[in-house]
Amino acid sequence: QVQLVESGGGSVQVGESLSLSCAASGNTGSINAMGWYRRAPGTQRDLIASITTRGIKNYGQSVSGRFAISRDNAKATIHLQMNNLTPEDTAVYYCSAKEWGDYSESVGYWGRGTQVTVSS
C-alpha cells in the first residue's frame, strides 16, 4: 500500500517556472519507479517523465526538454522542475508509483493530482 501526495501546483504566467513535488508514504520500500503524468482538459492522461529508484529516467515526448525529473529516495519523494511554461502546459499533474515485481505497463498507484495553470 502506497499513498502519493502532490504539491507545488498553482497559477503562473507564460515563461515562468514551477516545481512540483510528490511525497510517497506507506510501504515506500516497495516502490521501484515513480513518475509524473498530466491530463489537460478533454485529453487522455499523458506521461511526462518517470524515474526509478536507481535513477533511470524516461521522458515523454511532450515536454521538449523543458522539464526535469529528480528524486530523493531517502525521502521517497520525486520532483518535477518545469521551465518556460506555456498555456499548453495547463493540466492536472499526477504523481504515480510502480512497485518492484509489477511488470505490467499500467501504473499501480496515483496521487490525487495538482492543478497547474499557465496564463498570458
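To start, this report covers the structure provided alongside it. (Residues numbered from 1 in each chain as written. Predicted model: local features only at pLDDT ≥ 70, side-chain atom pairs only at ≥ 80, totals over all residues. Heavy atoms only, no water.)

On to unusual backbone geometry. With a phi angle near 50 degrees, Ala76 is a residue other than glycine that sits in the positive phi range. Considering the arrangement of structural elements, one finds Ala76 in the loop between strand 7 (67-72) and strand 8 (77-82). Assessed through its relative accessible area of 14%, Ala76 is described here as buried. Here the phi dihedral of Asn84 falls at roughly 50 degrees; this positive angle occurs in a residue that is not glycine. On the secondary structure map, Asn84 appears in the loop between strand 8 and strand 9 (91-99). (Helix = DSSP H or I, 4+ residues; strand = E, 2+ residues; numbered from the N terminus. Buried < 20%, exposed > 50% of the residue type's maximum accessible area, 1.4 Å probe, protein only.)

With respect to the secondary-structure elements, Ser30 resides in the loop between strand 3 (18-26) and strand 4 (31-39). Within the local environment of Ser30, its side chain forms a polar contact with the backbone oxygen of Asn27, the two atoms lying 2.7 Å apart. Once residues lying within four places of it in the same chain are set aside, the contact partners of Ser30 are Val2, Lys98, Glu99 and Trp100. (Polar contact = N/O pair within 3.5 Å; in protein donor to acceptor, adjacent residues only side chain to side chain. Contact = heavy atoms within 4.5 Å.)

In this section: the packing of aromatic side chains. For the coordinates displayed, the defined rule picks out two aromatic pairs. Seen in terms of ring centroids, Tyr37 and Trp110 are 4.9 Å apart; in terms of plane orientation they differ by 70 degrees. Their pairing is edge-to-face. In this pair, Tyr37 is assigned in strand 4 and Trp110 in strand 10 (residues 109-110), connecting sequence segments 73 residues apart. By relative accessible area, Tyr37 is classed as buried at 19%. By relative accessible area, which is 33% here, Trp110 ends up partly exposed. Summarising the aromatic geometry, the rings of Tyr94 and Trp110 are spaced 6.3 Å apart at their centres and angled 85 degrees between planes, so their arrangement reads as edge-to-face. Here Tyr94, found in strand 9, pairs with Trp110, found in strand 10; they are 16 residues apart in sequence, far enough to count as distant. (Phe/Tyr/Trp six-rings, centres within 6.5 Å; stacked < 30°, edge-to-face > 60°.)

By themselves, these figures tell us nothing about what the structure is for.
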